[in-house]
Amino acid sequence: MKVLISGASVAGPALAFFLHRDGHEVTVVERASAPRDSGYAVDFRGGAFDALEDLGILQEVRGHATGMRGTDLLDADGNRAGELPAEVFAGELEVPKRELTRILHEHTRDAVRYVFDDSINAIEQDADSVRVGFERAAPDTFDLVVGADGIYSVVRRLVFGPHGEAIRHLGLSGVGFTSPNRLGLDHRGALWQTPDRAVYAFSTADPERMSVSLSFASDSSKLDLLDRAEQERITRERMAGAGWIVPRLLDDMSAAEDLYFSSACQVHLDHWSEGRVVLVGDAGYCAAPTSGMGTSQALIGARALARHLAESGGDHTKAFAAYEQELRPYVAENQEIGREGARRFGAE
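Predicted, not measured: the structure shown is a model, and the values here were computed from it.

Student: Sorry if this is basic, but what is going on with the overall build of the protein here?
Tutor: Within the protein one finds 11 helices and 18 strands. Since a compact globule built from 348 residues should have a radius of gyration of about 20 Å, the 20 Å found for the protein is in line with a globular shape. Taking the principal axes of its C-alpha atoms as reference, the protein extends roughly 65 × 40 × 35 Å. In the protein, which comprises 348 residues, the proportion classed as buried is 54%. For the protein, long-range pairs separated by at least 24 residues make up 69% of all intrachain contacts whose partners lie at least 6 apart in sequence.

So this is what it looks like as structure tokens:
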């Protein structure tokens, strides 16, 4: 079949590999102008290792392990008050997100057609095919379309309905960026938390730099869609009076070239497919960053979807139903973990 995948982060390239291996003609379209070099660390748990092994990249991924040795728990004044084991944040294996994205792209670029700096803007389907419009390229027709384009999935919006009907905000937002290693961290993290506010920082490969997230209670995921200046203003407002080194970190935030803003959200849908269009990963069933399961779900979901398409002999209706039936219990469990993580923060 001729398959279009929207999204070139994790789920998209992984699914593209499996589908090409099974004989399908695959195109991946990505809004960014090149493979994304953003995000700080992703971890793998459980069945994700089977997917990495099946992709043939497990050992290469292991070669980029961050080697985290745990996280110090800090009191309100920044003094060490306890410790969390590395597995809490790093799972069974943690690597920089940019390395995973690079490996997946390099592993698939010769077999899969990638179209960067473009995005889907129209989808029309009938019983036999899907007609897709693009912002830049000419329209084209495919047998299947897959949305692997994240929590604000264009495919989901066009086919399943507005974002507001699917996205559930868990009451937590924040910014992430890199800064000078002001805490002298060495393959360790530090977690500072007060009611409704938290700072998490860690340093791995570069001893001079640390990755920082500033989190706070919020009431809407729409903050994600604001411009940077407004997001910075809100972050400063919510973190005001926090003490410790937070004022200095707020200045680092404004100077950062790699700042991103995101909210803890989940995606809840009654079904993950509509006709010849199907969703995988965060686009269909995000469990929220507080679950620690996003990357694992993406890989496991991609592998399961490809397997069911192969087992169904190309009967997409049968394959989509089997894919959803298999993954629903796993996703439900991870989403409860995500909600519990938000509750521990005191946000949900």
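Student: Can you help me understand the packing of aromatic side chains in this one?
Tutor: By convention here, two paired aromatic rings are described through the distance between centres and the angle between planes. What the rule picks out here adds up to eight aromatic pairs. Ring centres of Trp272 and Tyr285 lie 4.3 Å apart, and the angle between their planes is 40°; on these two criteria the pair is classed as tilted. Here the residue Trp272 occupies a position in the loop between β16 (260–267) and β17 (273–274), and Tyr285 occupies one in helix α9 (residues 282–285), the gap between them amounting to 13 residues. We note that Trp272, like Tyr285, is buried. Lys2 extends its terminal NZ or CZ atom over the ring of Phe142, reaching a point 5.0 Å from the ring centre.

Student: Got a minute to help me understand the sheet that holds strand β8 (residues 120–125) in this structure?
Tutor: Think of a sheet as strands paired side by side through backbone hydrogen bonds, with each pair either parallel or antiparallel. The strand order across the open sheet formed by three strands is β8-β9-β10, and the pairing between neighbours is antiparallel. The open sheet has two edge strands, β8 and β10 (140–142), and neither has a second partner. Recorded for the sheet is a direction-independent mean angle of 25° between the axes of neighbouring strands. Where β8 and strand β9 (residues 130–134) come together, five bridges link them in antiparallel fashion. From the neighbouring strand, Glu124 faces β9, where its bridge partner is Arg131.

Student: What exactly am I supposed to notice about empty space enclosed by the protein here?
Tutor: Any empty space left between atoms is shown by rolling a water-sized probe over those atoms. Counted by the stated rule, this structure contains one cavity of 30 Å³ or more. Estimates place the volume of the largest cavity at around 40 Å³. Met68, Gly70, Thr71, Pro85, Ala86, Phe89, Ala90, Glu94 and Tyr200 are the residues that line the largest cavity. Taken together, the residues of the lining of the largest cavity sort by class into six nonpolar, two polar and one charged.

Student: Even after reading the chapter, I still don't get helix α10 (residues 294–311), so can you show me in this structure?
Tutor: Side chains that are three or four residues apart share a direction in an α-helix, a result of its 3.6 residues per turn. Between its first and last C-alpha atoms α10 spans 26 Å; for 18 residues at 1.5 Å apiece the expected length is 26 Å, and the two agree. Most of α10 sits out of view: 13 of its 18 residues are buried. Positive backbone phi, at 65°, marks Gly313, one or two positions downstream of α10.

Student: Please clarify how the environment of Ser203 should be interpreted in this entry.
Tutor: Within the secondary structure, Ser203 is located in strand β14 (residues 197–203). Counting along the chain gives 77 residues from Ser203 to Val280, while the straight-line C-alpha distance between them is 31 Å. Filtering out sequence-adjacent residues up to four positions away, Ser203 remains in contact with Met68, Asn181, Leu185, Asp186, His187, Arg188, Arg209 and Met210. From its side chain, Ser203 meets the backbone oxygen of Arg209 in a polar contact 2.7 Å long.

Student: Please clarify how the sheet that holds strand β7 (residues 113–116) should be interpreted in this entry.
Tutor: Ordered in space as β7-β2-β1-β11-β18-β17, the six strands form an open sheet in which the pairing is mixed. Two strands close off the open sheet at either side, each with one partner strand: β7 and β17. Pairing analysis gives three bridges linking strand β11 (residues 144–147) to strand β18 (residues 277–279), with the strands arranged parallel. When the sheet's bridge partners are listed, Val145 is paired in β18 with Val277. Sheet strands touched by helix α11 (residues 316–345): β11, β17 and β18. Its angle to β18, the strand with the most contacts, is close to 15°.

Student: Quick question: what am I supposed to make of the side chain of Ser296 here?
Tutor: Considering the arrangement of structural elements, one finds Ser296 in helix α10. The residues touching Ser296, leaving out its near neighbours within four places in the chain, are Asp43, Phe44, Arg45, Ala48 and Tyr330.

Student: Looking at this structure, I do not really get the nonpolar core. What am I missing?
Tutor: Across soluble globular proteins, nonpolar side chains have a tendency to be buried as a group. Counting residues in each nonpolar core, the largest one holds 72 residues, and the members touching the most others are Ile5 and Phe44. In this structure Ile5 touches Gly12, Leu15, Ala16, Leu19, Val26, Thr27, Val28, Val29, Val146 and Ala148, once residues within four positions along its chain are discounted. Counting residues in each nonpolar core, the second largest holds 29 residues, with Val175, Phe177, Trp192 and Val199 among its members.

Student: Looking at this structure, I do not really get unusual backbone geometry. What am I missing?
Tutor: Negative phi characterises most residues that are not glycine, and trans characterises most peptide bonds. Non-glycine residue Asp117 carries a positive phi angle of around 60°. Tracing the backbone shows Asp117 in the loop between β7 and β8. For Asp117, a relative accessible area of 34% corresponds to the partly exposed category.

Student: Could you clarify how one ought to interpret the pairing of strand β13 (residues 188–194) in this entry?
Tutor: Along any regular strand, the residues point their side chains to alternate faces of the sheet. β13 sits mainly inside the fold: six of its seven residues count as buried. Taken together, the four bridges between strand β4 (residues 71–74) and β13 define a ladder with parallel strand orientation. Among the inter-strand pairings, Leu74 is bridged to a residue of β13, identified as Trp192. In terms of strand pairing, β13 meets β14 through seven bridges, oriented antiparallel. Residue pairing in the sheet places Thr194 in a bridge with Arg197 of β14. Counted between consecutive antiparallel strands, the loop separating β13 from β14 contains two residues, among which Asp196 sits at a positive phi close to 70°.

About the criteria used
Residues numbered from 1 in each chain as written. Predicted model: local features only at pLDDT ≥ 70, side-chain atom pairs only at ≥ 80, totals over all residues. Heavy atoms only, no water. Helix = DSSP H or I, 4+ residues; strand = E, 2+ residues; numbered from the N terminus. Rg over C-alpha atoms; globule rule 2.2 N^0.38 Å. Buried < 20%, exposed > 50% of the residue type's maximum accessible area, 1.4 Å probe, protein only. Contact = heavy atoms within 4.5 Å. Phe/Tyr/Trp six-rings, centres within 6.5 Å; stacked < 30°, edge-to-face > 60°. Lys NZ or Arg CZ within 6 Å of the ring centre and 35° of its normal. Pairing = 2+ DSSP bridges. Axes fitted to C-alpha atoms, helices over the stretch in contact; angles between N-to-C directions. 1 Å grid on protein atoms, 1.4 Å probe; cavity = no way out; pocket = protein on both sides within 12 Å on 5 of 7 lines; lining within 4 Å. Points joined across faces, edges and corners; volume = space filled by probe spheres on them. Nonpolar A, V, L, I, M, F, W, Y, C, P; charged D, E, K, R; others polar. Expected span 1.5 Å × (residues − 1). Polar contact = N/O pair within 3.5 Å; in protein donor to acceptor, adjacent residues only side chain to side chain. Core = buried A, V, L, I, M, F, W, Y, C linked by side-chain atoms within 4.5 Å.

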